[in-house]
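The lines below spell out each chain.
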Amino acid sequence: MTTQSNWYYSLNNQQHGPVSRAELDQILTSHHPAEVLVWSEGMPEWVAASKMETASSTPVTPYASPHSFPVGPVPGLARRRTSGMAITAMVLGIISVLSFGMLILPQILAVVFGHIGMSQCKNDPNMDGNGLAIAGLVMGYIFIGLFLLFFLILMIPVLAL
């Protein structure tokens with residue numbers, strides 16, 4: 001490894017740095033090297049600290065890197081996605097609010113997509129959007145209830161005839 005002064009390390013899925021090589025060696029003494037990923041300019045990718053040469057060994061001359069900082073995510077840190085069904089439920093819930101509940105289709109679809117979105121978020125740990133799905137569900141159910149209430153109020157005089 002290189003003996004450069006700008007080192008970055010990943011510990012407990014948190015990226016830290018830059019630190020000097022001496023600081024990095026000190027950090028590695030308090031943690032198991034297999035748990036720590038390290039990177040410095042000139043290195044092609046992040047590596048486990050356990051595969052890193054010690055400060056007393058002969059340094060490896062790095063190849064020139066076009067980047068001053070690693071490109072891409074740190075290994076082990078997964079990017080979370082937002083459920084498309086949850087987003088759709090939220091949008092349909094907003095449409096229900098804007099239409100004052102007079103359209104029944106957006107409310108019904110908000111409830112359907114809200115349940116699907118919640119199911120996706122529950123089954124996939126890398127999926128976000130549970131709050132959006134719940135918001136769509138709440139708006140859908142409220143405006144279905146208001147639609148039915150309004151419909152019954154209008155139908156009572158007609159049925160009384």
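Preceding this paragraph is the structure being described.
Each chain carries its own residue numbering, running from 1 in the written order of its sequence. Reporting of local features is limited, given that this is a predicted model, to residues whose pLDDT is at least 70; pairs of side-chain atoms are given and counted only at 80 or more, and all residues count toward the totals for whole chains, interfaces and linings. For the side-chain quantities, the full set of heavy atoms in the structure was used; hydrogens and water were omitted.

(A) Up close: the packing of aromatic side chains. Note on aromatic pairs: the rings of Phe, Tyr and Trp (six-membered ring only in Trp) are paired at centre separations within 6.5 Å, and the planes decide the class, stacked below 30 degrees, edge-to-face beyond 60, tilted for the rest. With the rule as written, the count across this model stands at one aromatic pair. Summarising the aromatic geometry, the rings of Y8 and W39 are spaced 5.8 Å apart at their centres and angled 45 degrees between planes, so their arrangement reads as tilted. Remark: W39 occurs in strand β3 (residues 37-40) and Y8 occurs in strand β1 (residues 7-11); sequence separation between them is 31 residues. Where helices and strands are cited, they refer to DSSP runs of H or I of at least four residues and of E of at least two residues respectively, numbered from the N terminus.

(B) The arrangement of the sheet that holds β1 in detail. Think of it this way: DSSP has to see at least two bridges between two strands before they count as a pair. In space, the four strands of this open sheet follow the order β2-β1-β3-β4, with antiparallel pairing throughout. Unpaired on one side and paired on the other, β2 (14-19) and β4 (47-48) mark the two borders of the sheet. Judged from the four bridges that link them, β1 and β3 form a sheet pairing that is antiparallel. Residue W7 lies in a different strand from β3, and its bridge partner there is S40. The sheet strands contacting helix α1 (residues 21-30) are β1, β2 and β3, and the helix crosses β1 at an angle near 20 degrees. Contacts were defined at the residue level, with two residues in contact if any of their heavy atoms lie within 4.5 Å. Fitting a line to C-alpha atoms yields each axis, with helices limited to the stretch in contact; the angle taken between N-to-C directions then spans 0 to 180 degrees.

(C) Looking closely at helix α2 (residues 84-98). To estimate the expected span of a helix, count its residues, drop one, and scale the result by 1.5 Å. With 15 residues, α2 should reach 21 Å at 1.5 Å per residue; the first-to-last C-alpha distance of 21 Å fits that figure. Considered for burial, the residues of α2 that qualify are A86, A89, L92, G93 and S96. Taken down its axis, α2 places every buried residue within 125 degrees of arc, on the same side. Buried positions along α2 lie against α3 (104-123) and α4 (130-160). One or two positions beyond α2, positive phi appears at F100, with a value near 55 degrees. For every residue, the accessible area obtained with a 1.4 Å probe (protein chains only) is divided by the maximum for its type, and the residue is called buried under 20%, exposed over 50%, and partly exposed between those limits. Directions from the helix axis toward the C-beta atoms define the arc.

(D) Molecular detail of the pattern of salt bridges. The term salt bridge refers to a side-chain nitrogen of Lys or Arg lying within 4 Å of a carboxyl oxygen of Asp or Glu. All told, the structure shown has two salt bridges when counted by the stated rule. In this structure, D25 engages R21 in a salt bridge whose closest nitrogen and oxygen atoms are separated by 3.1 Å. On the criterion of helical spacing, the pair formed by D25 and R21 is a turn pair, its members being four residues apart in helix α1. Relative accessible area serves as the criterion here: at 23%, D25 is assigned to the partly exposed category. Between D124 and R81 there is a salt bridge whose closest N-O contact spans 2.9 Å. Taken as a pair, D124 in the loop between α3 and β6 (127-128) and R81 in strand β5 (residues 81-82) lie far apart in primary sequence, 43 residues in all. By relative accessible area, R81 is classed as partly exposed at 45%.

(E) Examining unusual backbone geometry more closely. Look at the link from G17 to P18: it is a cis peptide, with omega at 5 degrees. Tracing the chain through its elements places P18 in strand β2.

(F) Representation of the pairing of β3. Side-chain alternation along β3 places L37 and W39 on one buried face and V38 and S40 on a second face that is also buried. By the bridge criterion, two bridges tie β3 to β4 in an arrangement that is antiparallel. In the sheet register, L37 faces β4, and the bridge partner there is A48. Between the antiparallel neighbours β3 and β4 lie six residues, among them G42 with a positive phi of about 100 degrees.

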